[in-house]
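# Analysis of the macromolecular model
The primary structure of each chain is shown beneath.
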Amino acid sequence: MWSFDRARPGLGALFGLLALAGAVPLSGCVEPLYGASGAFESSALASELQAIEVDEIPGRAGHYLRNELIYAFNGTGSAVQPRYRLSVVLQERVQTPILDTVTGRATSATVIIDADYRLVTWPQNAEVLKGTAFNIASYDRFSNRFSNVRAARDGEIRDAKMIADNIRTRISTEFAMRGPALAAAH
């Protein structure tokens, strides 16, 4: 039996070395969002995110989303003087795309949440960023009513986590792109 390793024993190491040599020049092309960059340090970005106050969001899904946003912006629990205010308006709907042909009942459902958000400076009320984030979470429906309620609630929680992550990423990107000019404005 002929083997690649037996025919040329050092060839595998050579390919590994070539792959490493090709990856090293590319390592400088990507700058991490949460890592330190030359002009705008990650600590400055973190302090800007901690200075975001999240307004109350009505409804159960709004409660979940607000908690996720507060934790995403200031997971340290430290009290920071707010310099920004984030307001979010949710639109939630449930769709039942699959029906059982025998019973006529829905066998699954989809919770869809759209979040229109607006970040403004505080107290000047100058708009920094606005947009819409959304998420879709599906769940199975059963004959047990409590199971359906719990599954729908879990869908709302999954939606809230994904939307909060999306909003945090967009705001972080905006802050990182504006860099020191944004930090100097405050």
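What comes next concerns the included structure. This structure is a prediction, so every number in the text was calculated from the model and none was measured.

### Notes on the overall build of the protein chain
When you go through the protein chain residue by residue, the secondary structure sums to six helices and four strands. Traced from its N-terminal end to its C-terminal end, the protein chain shows the element sequence α-α-α-β-α-β-β-β-α-α. Restricting to contacts in the protein chain with at least 6 residues of sequence separation, those with at least 24 account for 62%.

### Focus: the packing of aromatic side chains
Enumeration according to the criterion identifies one aromatic pair in this entry. Ring geometry for Tyr-84 versus Phe-175: centroids 5.0 Å apart, planes at 40 degrees, classification tilted. With Tyr-84 in strand E2 (residues 84–95) and Phe-175 in helix H5 (residues 145–178), this residue pair connects regions lying 91 residues apart in the sequence. The residues Tyr-84 and Phe-175 share a single accessibility class, namely buried.

### Re helix H4 (residues 60–73)
Compared with the 20 Å implied by 1.5 Å per residue over 14 residues, the 20 Å span of H4 between its first and last C-alpha is a close match. Buried residues of H4: Ala-61, Gly-62, Tyr-64, Leu-65, Leu-69 and Phe-73, and no others. All buried residues of H4 project into a common sector of 160 degrees when viewed along the axis, lining one side.

### A look at H5
Look at H5: 50 Å from first C-alpha to last across 34 residues, which is about the 50 Å you get at 1.5 Å a residue. Count one or two residues on from H5 and you reach Gly-179, which has phi positive near 60 degrees.

### Things to note about the packing of H4 against H5
Helix-helix packing: each pair is described by the crossing angle between the helix axes and the interaxial distance. Relative to each other, H4 and H5 sit at 40 degrees, their axes nearing to 8 Å. With respect to H5, the element H4 is oriented oblique. For the element pair H4 and H5, the recorded crossing hand is right-handed. Across the interface between the two elements, Arg-60, Ala-61, Tyr-64, Leu-65, Glu-68, Leu-69, Ala-72 and Phe-73 of H4 pack against Arg-153, Glu-156, Ile-157, Ala-160, Lys-161, Ile-163, Ala-164, Ile-167, Arg-168 and Ile-171 of H5. Here the residues of the contact of H4 with H5 sort into twelve nonpolar, no polar and six charged.

### Regarding the pattern of salt bridges
Inspection of the entire model under this criterion finds seven salt bridges. Where Glu-56 meets Arg-66, a salt bridge forms, and the shortest distance between an N and an O atom there is 3.5 Å. Of this pair, Glu-56 sits in the loop between strand E1 (52–54) and H4 while Arg-66 sits in helix H4; the two residues are ten residues apart in sequence, bridging distant segments of the chain. Residue class for Arg-66 comes out partly exposed when judged on its relative accessible area of 21%. Arg-93 serves as the salt-bridge partner of Asp-114, at 2.8 Å between the closest nitrogen and oxygen. In this pair, Asp-114 sits in strand E3 (residues 108–121) while Arg-93 sits in strand E2, placing the two residues 21 residues apart along the sequence.

Parameters at a glance
Residues numbered from 1 in each chain as written. Predicted model: local features only at pLDDT ≥ 70, side-chain atom pairs only at ≥ 80, totals over all residues. Heavy atoms only, no water. Helix = DSSP H or I, 4+ residues; strand = E, 2+ residues; numbered from the N terminus. Contact = heavy atoms within 4.5 Å. Phe/Tyr/Trp six-rings, centres within 6.5 Å; stacked < 30°, edge-to-face > 60°. Buried < 20%, exposed > 50% of the residue type's maximum accessible area, 1.4 Å probe, protein only. Expected span 1.5 Å × (residues − 1). Arc of directions from axis to C-beta. Axes fitted to C-alpha atoms, helices over the stretch in contact; angles between N-to-C directions. Parallel < 35°, antiparallel > 145°, perpendicular 65-115°, else oblique. Left-handed = near helix turned anticlockwise from the far one by under 90°. Nonpolar A, V, L, I, M, F, W, Y, C, P; charged D, E, K, R; others polar. Salt bridge = Lys/Arg side-chain N within 4 Å of Asp/Glu carboxyl O.

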